[in-house]
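Chain and residue survey
Here is what each chain is made of, one letter per residue.
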Amino acid sequence: MKGSRQEADSYRRLSQADLATYLAAVPSARKRLGGESSGWSVREVGDGNLNLVFIAKGPKGGVAVKQALPFVRLVGESWPLPLSRVDYEHLALTQQAQLAPGLVPEVLHFDEAMKLIVMELLEPHIILRRGLIAGTRYPRLAEDLAVFLARTLFFTSDLALQAAEKKERIAAFAGNHALCKITEDLIFTDPYRLAEQNRWTEPYLNSIAEGFRADLDLHVAISRLKLKFLSSAEAMIHGDLHTGSVMVTPDDTRVIDPEFAFYGPMGFDVGALIANFLMNFLANEGHEKNQGEREDHGEWVLETTQEICRRFRAKFLELWRSHAKGDAYPTCLFPGALGEARLDIERQHYMDRLFQDTVGFAGAKIVRRILGLAHNIDFEWIEDKARRATCEARALRLARELLVNASSFTSIEAVIAAARVAAWWKPGFT
Ligand code: SR1
Ligand code: MG
């Protein structure tokens, strides 16, 4: 019934005032909250770009409720967006929970008509982006994110699935095209043209933005990646895996918000994470009250970036060697010890190609956060505009390198070395 009249008629936007009444009729939520609904506290806390998010607390515990709005919250009713994105988020969350147990929030209730999901309240978790800006270290983070990436991507790929099953799964997410279109426009097109919704730190970045709009090498690189995003149904990807889509404590990591999920290129998810860590690193200096005070934190961020990539590669390869039940690379074509040895070389090549995609997508994800519509607080919270622009200009310089010269970055160490070089660059406007 996605997008049907019946769907629109049964949907009602919840308010803070009526959420308790709604939850009182949901047994799993009532049990989690405890006591009477009159004693529950409810707050709308959504600070994302798209949805309503409520937190309800009772004497026993709490729940989080995410409800889709029929438009983009960041922009308003002038930008309609299908409510069906919640159906895809629910489908993705359910599958991710099976593939990467303990790394996504538990779903307590899904209301397809009301387009809402009731989830466990992640407490005392905070959004990873905020934790990184605060300079907090998370010892489990690299391992947890590497496991999440390796397991969700490997087990939904042709390496693990039979072709018929894979095609059914692609079809199950195919209707999420409105969310894909947001990505296609906001990441792969708009930052490289004069688009009404673009913004950047003016006037400092004016000439860089203008340069990006005229840079045909860059336009070729981003267009190749856009084609990959449009056409490469490699695995079920989260689709919006930035540091605002991860909630953390020092002991626990949960990946949230997979409403952009569909079957797309794996490097898009890995690249999104890498980009967001690199942006945090390059924003670091802008948050310093005393010179050098955040250098240690920056080092930890880079180490974590490196560890995510290294561990992802190792885990993905481990899964491929032990769980290759898919139709790709038929074992009959690689018989005996010689065949296995040749296949293992090919596995390394596969991971190298995936890394190339990752590098390019990381560059694309950086550019969109500085020249496009939706920015991130790593940079936005740097109040002094000249300082902010300096950090952003460094990130843009790195991003252009990653996009145009992706093939020259053969390891995460090379990417990190380039990020260190970018961090020293003094753009002309300071
Ligand atoms: C109009 S939505 C802007 C962005 O918010 C989401 O989190 C995605 O990153 C999207 O591109
Ligand atoms: Mg989101």
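This text gives an overview of the structure that appears in the document.

1. A word on the site of ligand 1
All residues adjacent to ligand 1 are Asn 49, Leu 50, Val 72, Trp 79, Ile 182, Leu 186, Asp 240, His 242, Phe 260, Arg 368, Arg 369 and Ala 374. Here Asp 240 contributes a side-chain N or O atom positioned 2.7 Å from an oxygen atom of ligand 1. Relative to its free-state accessible area of 320 Å², ligand 1 is covered by the protein chains to the extent of 95%. Elements with a contribution of two residues or more to the shell around ligand 1: helix H8 (177-186) and helix H13 (336-371). For the shell around ligand 1, the per-class residue count stands at seven nonpolar, two polar and three charged. Looking at which domains feed residues into the shell around ligand 1, each of domain 1 (5-120) and domain 2 (126-424) supplies at least three.

2. Description of the packing of helix H11 (residues 266-283) against helix H12 (residues 295-323)
Across the interface, H11 lies against H12 with an axial gap of 8 Å and an inter-helix angle of 165°. Between H11 and H12, the angle falls in the class roughly antiparallel. The crossing of H11 and H12 is left-handed. Residues Met 266, Val 270, Ile 274, Phe 277, Leu 278, Asn 280 and Phe 281 of H11 lie in contact with H12, whose contacting residues are His 297, Gly 298, Val 301, Leu 302, Thr 304, Thr 305, Ile 308, Cys 309, Phe 312 and Phe 316. A per-class count over the contact of H11 with H12 returns twelve nonpolar, five polar and no charged.

3. Things to note about the packing of aromatic side chains
Counted under the stated rule, the structure contains 15 aromatic pairs. Summarising the aromatic geometry, the rings of Phe 316 and Tyr 350 are spaced 6.0 Å apart at their centres and angled 20° between planes, so their arrangement reads as stacked. A residue pair is termed long-range when its members are at least 10 positions apart, and Phe 316 in helix H12 and Tyr 350 in helix H13 qualify at 34 residues. Here Phe 316 and Tyr 350 have matching classes, each one buried. Here Tyr 329 and Phe 334 contribute two aromatic rings whose centre-to-centre distance is 6.4 Å and whose plane-to-plane angle is 45°, an arrangement assigned as tilted.

Rules behind the numbers
Residues numbered from 1 in each chain as written. Chains lettered and ligands numbered in written order. Predicted model: local features only at pLDDT ≥ 70, side-chain atom pairs only at ≥ 80, totals over all residues. Heavy atoms only, no water. Near = heavy atom within 4 Å. Polar contact = N/O pair within 3.5 Å; in protein donor to acceptor, adjacent residues only side chain to side chain. Areas by Shrake-Rupley, 256 points an atom, 1.4 Å probe, with all protein chains shown as cover. Helix = DSSP H or I, 4+ residues; strand = E, 2+ residues; numbered from the N terminus. Nonpolar A, V, L, I, M, F, W, Y, C, P; charged D, E, K, R; others polar. Domains from an automatic or database assignment. Axes fitted to C-alpha atoms, helices over the stretch in contact; angles between N-to-C directions. Parallel < 35°, antiparallel > 145°, perpendicular 65-115°, else oblique. Left-handed = near helix turned anticlockwise from the far one by under 90°. Contact = heavy atoms within 4.5 Å. Phe/Tyr/Trp six-rings, centres within 6.5 Å; stacked < 30°, edge-to-face > 60°. Buried < 20%, exposed > 50% of the residue type's maximum accessible area, 1.4 Å probe, protein only.

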